[in-house]
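Chain and residue survey
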Amino acid sequence: MKLSESEYRDVTQFIYKEARFADNSLYSEWEELLNDDFEYMVPIEHGESDPTKRLLILFDNRARAASRVRMLKTGVRHTQTPPSPMARVISNIEVEKIAEGEYRVYAAFMLGELQVQAHPNKHIWVGRYEYLLKEVEGTLGMSLKKVFLIDSAHKIPALGFLI
Amino acid sequence: MAMNYSEAIKDGIVSSALYADDGVFNEEIEKIFTQGWVYVAHETEIPNVGDYVRRNIGLEAFVVVRGKDKKVKVISNRCTHRATLLVHEDKGNLRGSLTCWYHGWVFGFDGKLLNVPYGKGSEGLDHKCLPAATVEIYGGFVFATLNPDAIPFDEYLGNGKKIIDRVLDCSPSGKIRVDTGWVRYETQTNWKLQIENNVDGYHLNYVHASLGRALDVRYKDTVMVSEDKLTTEAIDFLGGHIELTIGAGYTKPLEWLGVKEGREMPADIKEYKDAIEEKHSDEVAHEVIYAGPPHAYIFPNLFIAETNIIFYQMEDRHTNVQLSSPILFEGSSDKLNSRFLRLCEGSLGPSSFLLPDDGAITERQSRGHIGRPMDIDLRRGMDREVVGEDGVITSHITDETSQRAFWNHYKTIMSS
Ligand code: FES
Ligand SMILES: [Fe+2]
């Protein structure tokens, strides 16, 4: 479907805002961007892989995402106490309009994280994002965020923040 | 300076140098991981002839492969010519043989050297076959040793067999699968800290405080109530094998599967319950339905975390990788088995609700080991342990009986 300039702008603005909330550990603000059918996935395998048959690193439905946020907000989620200072750069954004008010988005990212919970250590996360954004009652929200880490099948450190 | 293990581990006190010393680490690799038995894989990871997974024994590269005779082999992944890795991917299928991409030496799945290109120049030379480990399998769990004179497998596994039996009891078919992939979580910690933590029944209220505060979790009644209300226990099964009977705290059927009181049991779980009741005596069925699979450690590198498996691959003294994967029941419905996938993601791995908090705390602990050696105090509950006729030691779940169980066995091996 044809995507208008203003739709492209709204979608990319949404993606940057979501990234800013995540980078700054603004958990409530982040959660407000989620639609009821939200799914959050960090797969191990990058090809077509059925999550009812294969293990993922992270797979939250909306309820589990809510629990994740609640835990982070207790202030005693040690893996993110204090929250890691972070900044991510998102680029190579492609937007596909799949229905009225529905967009699939592909992007690449690099995320620098300073792990400050035990011995300060910088870690660079690299990968691709895939989003499904849907307008619900006139407001754009996130229905899917899939994170393909380049090292998902290899060892990775704690991933307690919102990636 | 060589470590004096009988001095460093004594009366429930261990020296912090045991986690922080490179010499100790190298000695562990030799005495525990090279001379002893270690867990390497689950059979169901390599169902077909030629299927392989890469695994380390200690720090050394091995291949676990299904041979042409359908038997599991554990062979060196180092070409006997000049040490090049023969397989470099984590898993896959080998067609017929292993060929080294450096000069083309070819080996069979049993390690036999089959061909050397330009063979004339090799005439009269005793080029070597790939060293193979001795392999034993129990309940699909594959163990190996590089020591031809290792203690007999049965003696090594000891009470660990009962732990594995109880895992298999939970499957209506008596068989399990561990073939849905591994999550690999790296911590900057000595490997022994992860083991101490996994068998620690004392830390839940603090390390997992965020879980307790934010969620209505099944762990709450079994490990997060006051000391005298806890009915669960820590067990030293000897031989370094340890259990926390977390499941004994469950009072309702299939709580371990997430069934909540007052809610209707989902059809797939009901079907599972029926199958278990059908298969087992009342007593065993009750145990499965209420307690579920064990929370137990099998020395030196396998941990059965209820419906999951964890095993450890260390890289050096302060870098440890925990690989986790769910236990699925062979023959059970996809619906039921997918629950185990989601339980695994929820509790283990770097983004789960449990393990990264353990990771953060043990990384802080690791930092504490730097500096002058200090006493690590593991004496909690020493006076209230009960020793059974078979020597098995039982105590309150919060007691450091479980850590002492590890260290006692460790000491025996390391001082030999
Ligand atoms: S190193 Fe393998 S063939 Fe030469
Ligand atoms: Fe823990």
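Above this note sits the structure.
Residues numbered from 1 in each chain as written. Chains lettered and ligands numbered in written order. Predicted model: local features only at pLDDT ≥ 70, side-chain atom pairs only at ≥ 80, totals over all residues. Heavy atoms only, no water.

Details of the overall build of chain A
We count it as follows: The helix count covers DSSP runs of H or I at least four residues long, the strand count covers runs of E at least two residues long, and both are numbered beginning at the N terminus. Think of it in three bands: residues with accessible area under 20% of the maximum for their type are buried, residues over 50% are exposed, and the middle band is partly exposed, with areas taken using a 1.4 Å probe on protein chains only.
Helix and strand content of chain A: 3 helices and 6 strands. Reading chain A from its N terminus to its C terminus gives the helix and strand order α-α-β-β-α-β-β-β-β. With the C-alpha coordinates of chain A rotated into their principal frame, the extents come out at 50 × 30 × 30 Å. The buried share of chain A, reckoned over its 163 residues, is 52%.

So, empty space enclosed by the protein
Residue and element names in this part refer to chain B. For clarity, the threshold we go by: Using only the protein atoms, space was sampled on a 1 Å grid; points where a 1.4 Å probe fits but cannot get out form cavities, open sets with protein on both sides within 12 Å along at least five of seven lines form pockets, and lining residues are those with an atom within 4 Å of a point. Grid points are joined across faces, edges and corners, and a volume is the space filled by probe spheres set on the points. Nonpolar residues are Ala, Val, Leu, Ile, Met, Phe, Trp, Tyr, Cys and Pro. Charged residues are Asp, Glu, Lys and Arg, and all others, Gly as well, are polar. Domain boundaries shown here were taken from an automatic or database domain assignment.
All told, the structure shown has 2 cavities of 30 Å³ or more when counted by the stated rule. In terms of lining, the second largest cavity is formed by F33, V38, N56, I57, G58, N301, Y312, Q313 and M314. If one sorts the elements of the lining of the second largest cavity by residue count, strand β19 (residues 308-316) sits on top with 3 residues. Taken together, the residues that form the lining of the second largest cavity break down as 5 nonpolar, 4 polar and no charged. Each of two domains, domain 1 (38-150) and domain 2 (159-414), supplies a minimum of three residues to the lining of the second largest cavity.

Observations concerning the pattern of salt bridges
Under the convention used in this document: A pair is scored as a salt bridge if a Lys or Arg side-chain nitrogen falls within 4 Å of a carboxyl oxygen belonging to Asp or Glu.
Under the criterion given, the structure shown has 35 salt bridges over all chains. Sharing partners across several salt bridges, the network here consists of A:E7, A:K97 and A:E100.

Structural notes on the interface of chain B and chain A
Worth spelling out the cut-off: Throughout, a contact is declared for two residues whenever any of their heavy atoms are within 4.5 Å. Two parts placed together each lose some accessible area under a 1.4 Å probe, and the buried area is that loss summed for both. What qualifies as a polar contact is a pair of N or O atoms within 3.5 Å, subject to a donor-acceptor requirement within protein and to the restriction that residues adjacent in sequence count only when both atoms come from side chains.
Between chain B and chain A, the contact holds 44 residues from the first and 33 residues from the second. Interface area, chain B with chain A, both sides summed: about 3,200 Å², of which 54% is carbon and sulfur. Here chain B is connected to chain A by 4 salt bridges. Among the ionic pairs, B:E186 bridges to A:K155, the shortest N-O distance being 3.5 Å. Viewed at the interface, chain A and chain B are joined by 26 residue pairs in polar contact (both at pLDDT 80 or more). The greatest single-element share of the side of chain B that touches chain A, amounting to 8 residues, is contributed by helix α12 (residues 334-347) of chain B. Of the residues that constitute the side of chain B that touches chain A, the class distribution is 20 nonpolar, 10 polar and 14 charged.

Observations regarding the sheet that holds strand β2 (residues 13-15) of chain B
Paired through their backbone hydrogen bonds, the strands of a sheet run either parallel or antiparallel. Residue and element names in this part refer to chain B. To keep it simple, the criterion reads: DSSP-based pairing: two strands are paired if at least 2 bridges between them are found.
Spatially, β1-β2-β22 is the arrangement adopted by the 3 strands of the open sheet, whose pairing is antiparallel. Strands with a single pairing partner mark the edges of an open sheet, and in this sheet they are β1 (9-10) and β22 (375-377). Pairing analysis gives 2 bridges linking β1 to β2, with the strands arranged antiparallel. When the sheet's bridge partners are listed, K10 is paired in β2 with I13.

Quick look at the packing of helix α3 (residues 22-34) of chain B against helix α14 (residues 401-414) of chain B
Residues and elements named next belong to chain B. Here is the rule we go by: Here the axes come from fitting lines to C-alpha atoms, over the contacting stretch only for helices, and the angles between their N-to-C directions go from 0 to 180 degrees. Here the word oblique covers every angle except those under 35 degrees (roughly parallel), over 145 (roughly antiparallel) and from 65 to 115 (roughly perpendicular).
Contact pair α3 / α14: the axes reach a minimum separation of 10 Å and the direction vectors enclose 85°. Relative to α14, α3 is oriented roughly perpendicular. Across from V24, E27, E28, K31 and I32 in α3, the residues of α14 making contact are Y410, I413 and M414. Of the residues in the contact of α3 with α14, the class split is 5 nonpolar, no polar and 3 charged.

Looking at unusual backbone geometry
Cis peptide bonds are those with omega within 30 degrees of zero, and the linkage from A:T81 to A:P82 qualifies with -5°. Along the chain, A:P82 falls in the loop between α3 (62-73) and β3 (86-99). Cis geometry is adopted by the peptide bond preceding B:P300, which originates at B:F299 and carries an omega value of 0°. Structurally, the position occupied by B:P300 is in the loop between β17 (295-298) and β18 (302-305). Of note in this structure, A:S25 is not a glycine but carries a positive phi near 50°. Relative to the helices and strands, A:S25 is located in the loop between α1 (5-23) and α2 (27-31).

Focus: the pairing of strand β4 (residues 102-115) of chain A
All names here are of chain A. Taking every second residue as pointing to the same face, the buried face of β4 carries Y103, V105, A107, F109, L111, E113 and Q115, while none of E102, R104, Y106, A108, M110, G112 and L114 on the other face is buried. As judged from the 11 bridges shared by β3 and β4, these two strands associate in the antiparallel manner. Residue pairing in the sheet places K97 in a bridge with Y103 of β4. Hairpin connection, β3 to β4: the antiparallel pair is bridged by 2 residues, and G101 has positive phi, about 70°. Pairing of β4 with strand β5 (residues 121-136) involves 14 bridges; the strand directions are antiparallel. By the bridge assignment, V105 is partnered in β5 with Y131. Hairpin connection, β4 to β5: the antiparallel pair is bridged by 5 residues.

Section: α12(B)
Residues and elements named next belong to chain B. Spelled out, the test is: Here a helix's expected span is defined as the number of its residues, less one, multiplied by 1.5 Å.
If you check α12, its first and last C-alpha atoms are 20 Å apart, about what 14 residues at 1.5 Å a residue would give, namely 20 Å. Buried residues dominate α12, accounting for 11 of its 14 residues. Taken residue by residue, α12 has L336, N337, S338, F340, L341, R342, L343, C344, E345, G346 and S347 as its buried positions. Just past α12, the residue G349 takes up positive phi, approximately 95°.

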